[in-house]
Amino acid sequence: MTPALLTVIRPGALTTVQDAGRKGHAHLGVPRSGALDAPALRLANRLLGNPENTAALETTLTGCAVRPDRDITAVVGGAPCRVTVDGRPAPWGIPVHVPAGATLDAGPATSGLRSYLAFAGGLAVEPTLGSRATDLLSGLGPAPLTEGVRIPLGRAVGPAPALPEAPPWPAPPAELVLPARPGPRSDWFTDAALRTFFTAAYTVSAQSNRIGLRTQGPVLERARDGELPSEGMVLGAVQVPPNGLPVVFLHDHPTTGGYPVIAVVPEQALAAAAQAVPGTPLRFVPDAG
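## Considering the nonpolar core
Ranked by internal contacts, the top residues of the largest apolar core, which has 41 residues, are V265 and F284. Elements with a contribution of two residues or more to this core: α1 (38-48), β10 (115-119), β12 (176-182), α2 (191-199), β13 (202-204), β19 (261-264), α3 (270-274) and β20 (281-286). Tallying contributions element by element places α1 first for this core, with six residues. With near-sequence residues (within four places) excluded, F284 lies in contact with L178, F197, F198, T199, Y202, V238, P246, V248 and V265. Counting residues in hydrophobic clusters, the runner-up holds 27 residues, among them V98, A102, L104 and A106.

## Let's talk about the pairing of β10
The buried count for β10 comes to five of five residues, which makes it a mostly enclosed element. Judged by which residues are buried, β10 turns out to be covered on both faces: S115, L117 and F119 on one side and Y116 and A118 on the other are all buried. As judged from the two bridges shared by strand β3 (residues 56-58) and β10, these two strands associate in the antiparallel manner. Looking at the pairing, L57 lines up with L117 of β10. With five bridges joining them, strand β5 (residues 72-78) and β10 adopt antiparallel strand pairing. If you follow V75 over to β10, its bridge partner there is A118.

## Details of the side chain of T280
You can see T280 is positioned in the loop between α3 and β20. For T280, a relative accessible area of 5% puts it in the buried group. Ignoring anything within four residues of it in the chain, the contact list for T280 reads P173, A174, E175, L176, Y202, T203 and V204.

## What to know about the pattern of salt bridges
Scanning the model with the defined rule gives ten salt bridges in all. Here R283 makes a salt bridge to E175, at a shortest N to O gap of 2.9 Å. With R283 in strand β20 and E175 in the loop between β11 (150-152) and β12, this pair connects stretches of sequence that are 108 residues apart. Measuring nitrogen to oxygen at the nearest pair gives 2.6 Å for the salt bridge that ties R181 to D287. Placement of the pair is R181 in strand β12 and D287 in the segment after β20, with a sequence separation of 106 residues. Classification of R181 by relative accessible area gives partly exposed; the value is 41%.

## Examining unusual backbone geometry
The phi dihedral of L61 is positive, around 70 degrees, even though this residue is not glycine. Along the polypeptide, L61 turns up in the loop between β3 and β4 (64-68). Given the relative accessible area of 42%, L61 is considered partly exposed. Despite not being glycine, L129 has its phi angle at roughly 50 degrees, a positive value. Secondary-structure assignment places L129 in the loop between β10 and β11.

Thresholds applied
- Residues numbered from 1 in each chain as written.
- Predicted model: local features only at pLDDT ≥ 70, side-chain atom pairs only at ≥ 80, totals over all residues.
- Heavy atoms only, no water.
- Core = buried A, V, L, I, M, F, W, Y, C linked by side-chain atoms within 4.5 Å.
- Buried < 20%, exposed > 50% of the residue type's maximum accessible area, 1.4 Å probe, protein only.
- Helix = DSSP H or I, 4+ residues; strand = E, 2+ residues; numbered from the N terminus.
- Contact = heavy atoms within 4.5 Å.
- Pairing = 2+ DSSP bridges.
- Salt bridge = Lys/Arg side-chain N within 4 Å of Asp/Glu carboxyl O.

Below is the structure:
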């Protein structure tokens, strides 16, 4: 039996295929990638009876629209948005039936930044290094969606579980508070810079992307000149380039870098960063964990 196919009707500003990512390949220079809001991906899949790491679509700000060639069940979650099926309102955040030939449209995010379109059976694009995730830095995985592209769907593995009365979708942050631990190069910064880092008000920059969350705010002064030889970088590393403004590395981050890492944000705190729109107030606080 041939697989069901989704045809991309409206790709949106940036829509990519994402799953749990390709861990364990940093020694090859390959980032983890995967859904930036990992809890949203997991919840959408659970609501469909999929394994939590099943591949889905991650949209950016403007949503996307797809049309299946067979009847399917889908969930649109993550950043809240208007959902329609052939122009008729459909529920956000819980499973919805999409008939063959109908257009499922996830509109622009009303708050937050990234919505997730998950499908019973998941997206069955060819995996690379064990993952179907799109990696914008290395180019691994399927290309970002374009109009007319057709994406195969997997076969649903079982019935969806009973729905909770209100699936626990967290609200996108009005203020982003990121816990951080001192990084391996915190001694490259003055005492005043370290105080500033943990007390000052920053905002999320419009230059942010899947590689890193960039900031606007006070410049962090170094205690020493020069640059480091390139060294390993981890998810959540807060690197400070020559402009003195912190950059929080997200899932498509480079695996090495030569700018000093002042701090590291734990992975579990990064889902909120995925939903922080440009201009969101941002504070770094000492990690008490």
